[in-house]
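Here is what each chain is made of, one letter per residue.
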Amino acid sequence: MQTNKAQRENWGTRFGFLMAATGSAVGLGNIWRFPYITGENGGSAFIIIYLLCIIAIGLSIMIAEFAVGRRTSLSAVGAYKSQNENWTFAGALGVLSAFFIMGFYPVVGGWSLAYVFKSATGLLAAPEAISSAFDAFAGATIEPLIWTIIYMVINVIIVAKGISGGIEKASKVLMPALFALLVIVIIKGINLPGASEGLAYLFKPDWSQVTGGTVLAALGQSFFTLSLGMGCMITYGSYLGKQERIPADATSVVAMDTMVAIMAGLAIFPALFAFGMEPTAGPGLVFVVVPAIFAHMGNVGPLISITFFAALTVAALTSSMSLLEVAVSYLIDEKKMNRKTATYLSAGIMTVMCILSSLSMGSLSGIKLFGVNFFDFFDILTDKIFLAIGGMLLTIFVGWFMRKEDLKNEITNNGTLPFGLFGVWYNIVKYVIPVVIAVVAIAGIAAIEQKSLMLFGLLVIVLLGVFSRKL
Ligand code: PFF
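Now for a look at the structure at hand.

Rules of the game
- Residues numbered from 1 in each chain as written.
- Predicted model: local features only at pLDDT ≥ 70, side-chain atom pairs only at ≥ 80, totals over all residues.
- Heavy atoms only, no water.
- Phe/Tyr/Trp six-rings, centres within 6.5 Å; stacked < 30°, edge-to-face > 60°.
- Helix = DSSP H or I, 4+ residues; strand = E, 2+ residues; numbered from the N terminus.
- Buried < 20%, exposed > 50% of the residue type's maximum accessible area, 1.4 Å probe, protein only.
- Near = heavy atom within 4 Å.
- Polar contact = N/O pair within 3.5 Å; in protein donor to acceptor, adjacent residues only side chain to side chain.
- Areas by Shrake-Rupley, 256 points an atom, 1.4 Å probe, with all protein chains shown as cover.
- Salt bridge = Lys/Arg side-chain N within 4 Å of Asp/Glu carboxyl O.
- Patch = residues over 30% accessible without salt bridge, like charges linked within 9 Å, V, L, I, M, F, W, Y side chains within 5 Å.

### Some details on the packing of aromatic side chains
Here comes step 1: Under the definition given, this model contains 38 aromatic pairs.
Here comes step 2: On the numbers, 5.3 Å between centres and 65 degrees between planes, the contact of F17 with F66 is edge-to-face. Remark: F66 occurs in helix α3 (residues 44-72) and F17 occurs in helix α1 (residues 14-25); sequence separation between them is 49 residues.
Here comes step 3: Judged by its relative accessible area of 0%, F66 is buried.

### What to know about the site of the ligand
Here comes step 1: Close contacts around the ligand come from 15 residues, with A25, G29, Y105, F224 and M230 the closest.
Here comes step 2: One nitrogen or oxygen atom from the side chain of Y105 is found 2.5 Å from an oxygen atom belonging to the ligand.
Here comes step 3: One of the side-chain nitrogen or oxygen atoms of S227 is found 3.0 Å away from a nitrogen atom of the ligand.
Here comes step 4: If the ligand stood free it would expose 340 Å²; the protein chains cover 100% of that surface.
Here comes step 5: Among the elements of the structure, α1, α2 (28-40), α12 (212-225) and α16 (301-335) are those that each provide at least two residues to the shell around the ligand.

### Looking at the pattern of salt bridges
Here comes step 1: Under the counting rule described, the total for this entry stands at 10 salt bridges.
Here comes step 2: The closest approach of N and O atoms between R339 and E325, which form a salt bridge, is 3.0 Å. Within this pair, whereas R339 is found in helix α17 (residues 339-359), its partner E325 is found in helix α16, the two being separated by 14 residues in sequence.
Here comes step 3: Here R339 falls in the buried class, since its relative accessible area comes to 16%.
Here comes step 4: Salt bridges sharing partners connect three or more residues here, namely R70, R71, K242, R403, D406 and E410.

### Observations concerning a nonpolar patch on the surface
Here comes step 1: There is a patch of nonpolar side chains on the surface, built from W400, F401, Y431, V432 and V436 and spanning about 490 Å² of accessible area.
Here comes step 2: Those elements giving two or more residues to the nonpolar patch turn out to be α18 (374-401) and α20 (422-447).
Here comes step 3: Residue contributions to the nonpolar patch peak at three residues, all from α20.
Here comes step 4: On the accessibility criterion, W400 (48% relative accessible area) is partly exposed.

Printed below as a string of structure tokens:
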């Protein structure tokens, strides 16, 4: 009934897997989203809560997702279903999250791609106009749509080629450039006059601004940035070779991802304060502050800017490929579609959602669902509710519905790998995380404005539960 384990493709090498999982984790979430969410939530205190979520919750969930994926050799829905039919809905929630995130992520990927070309064609020539140029571009009708569609087509080409052929090769070749470029931006930014205020913003916490909403935002961001709570790492784990070390691999993915996010913060905030801009500028932050830094670099500015946005686009691609893969592997494993059909169908639906999201920045900005535009609808629903609940469901499933012995064998490679912290990990997953997420979700929903949207999200989850046997 389910995929034949013997036929499942594997990652070519451990390095290939690590690059792909890190590639999925490191993306727009680190460089575009982390700085602007940090700015909207007051800076340092938010970052501390975010780091706590990463260490105390994210790492354990990543180990759990890899273990479930490798144990079952199945993608999200099948992995749950193969262990317990009643849990199909938790996998389905993951697939739905993948569709929803892909309803706005490629729009930002398209912006990034556009900025490669804009950097080459005079964007930096008028530094004072960079901010208004972004607003005009993102709010336009046709131009951002074209970039979004090009971005989506690149995803389709890679994913249609299959897991080791496409994703692995692309990740291996394209990831490392980003690191080097961020270092250049940081050095330049920190040396601008007035940058120290930005460092204080990043490192001196002001706890008075923290509410339940801040904690929910930090929790949601930690899931988003690590690609957790929606079965993506279950799917990637399902291609993982039996000899690989799950705890070590998860730790390196988490460490790299966190490092890139902090680097993005260091790249943006010192320069932002030096230029006298507002941290609360929202989704345009990276598209405004970073070009403004490059504009101060003289003749090399455009070249560095081109390279930066090319690297950002690549980082985004290695993440969106993994999102598309969640949907595609569901259709292949559960609906017996072939890879090409599954890719075209999923990408088609996602493109329609992206068109709505992109237009909601301009011509469709008046249309509201539960008080927010399309872009925010897909973003808030996934980030603030589906991923966190998805993560909670995964920990309940692993802690209460899987056999402890099986988990231990999976994580320690049948006892051949020492993992002294297994007991700690198991108890955190079984008892601590479900309770913490429930408390944060309730406190967060109580504190934030979009209550009707949150309740709608919960209703969707309940409906998935009711109809899950059809999935
Ligand atoms: N982690 C990605 C990022 O930070 O950009 C986004 C993402 C990818 C979220 C894959 C969820 C996912 F399953």
